[in-house]
Amino acid sequence: MSTDHGGPVAVLVGTMGAGKTTVGRLLADALGVTFLDSDHAVEARAGKPVQEIFVDDGEAAFRVLERAAVATALDEHDGVLALGGGAVLDPDTRALLTGHRVVFLRVGLSDAVKRVGLGAGRPLLLGNVRARVKMLLDERTPVYEGVATLTVDTDGRSPQEVAAEVASGLRRLDTLGLDAPSPSGSGYSTTAPGSSGYSTTESEER
């Protein structure tokens, strides 16, 4: 499974708690490709953890590094790529996503709060975790929807179920020959009930 233009077979977007890292690894295994988290790419460039970048250099410096890391990954990585939660807020990054298979892992407030716990290690969750998560969801969800080729709901579903649904959705896109979002920006959307079971050990998404 690949796109005509090269680059990742799928780019996962969504807010923290959506399960991008957990689902991304499962999806990569299912497709027989490698997995890359943009936060890890940023850390490799900076030589220190994301949390330290925020503390030492500030969010603006992190975003500069993130923009460069995402651009490189979109050009060079041919597996599954998971983007940090705030990466798509950058207009240049959104432009680079054009033509890529972008999968929005949608999560509701309740499930997102459960999955991120108390927000330890997440610089953007200082203070009231529930209020901060709600703010991020309200701010970012329309942006995720605008870049998405495929939208998959994750509430009440295990990472394995979500990964299987994403893989199925990607196969449908292959059959239909679709790469870019629909004009409305909503792309394809899937929903299904299932059991919960997200790990809280996924990457510290920003």
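See the structure above.
Residues numbered from 1 in each chain as written. Predicted model: local features only at pLDDT ≥ 70, side-chain atom pairs only at ≥ 80, totals over all residues. Heavy atoms only, no water.

## Things to note about the pairing of strand E5 (residues 150-153)
Thought 1: By the alternation rule, side chains of E5 split into Leu150 and Val152 and Thr151 and Asp153, which are all buried.
Thought 2: Pairing of strand E4 (residues 102-106) with E5, which is carried by 4 bridges, proceeds in the parallel orientation. Directly across from arginine 106, in E5, lies its bridge partner aspartate 153. (Buried < 20%, exposed > 50% of the residue type's maximum accessible area, 1.4 Å probe, protein only. Helix = DSSP H or I, 4+ residues; strand = E, 2+ residues; numbered from the N terminus. Pairing = 2+ DSSP bridges.)

## Looking at the packing of helix H3 (residues 50-57) against helix H4 (residues 59-76)
Thought 1: Between H3 and H4, the least distance of the axes is 7 Å, while the angle of their chain directions is 130°. By the criterion of interaxial angle, the relationship of H3 to H4 is oblique. Here H3 contributes Val50, Ile53, Phe54 and Asp57 to the contact with H4, which in turn contributes Glu59, Ala61, Phe62 and Leu65.
Thought 2: When its residues are assigned to classes, the contact of H3 with H4 shows 6 nonpolar, no polar and 2 charged. (Axes fitted to C-alpha atoms, helices over the stretch in contact; angles between N-to-C directions. Parallel < 35°, antiparallel > 145°, perpendicular 65-115°, else oblique. Contact = heavy atoms within 4.5 Å. Nonpolar A, V, L, I, M, F, W, Y, C, P; charged D, E, K, R; others polar.)

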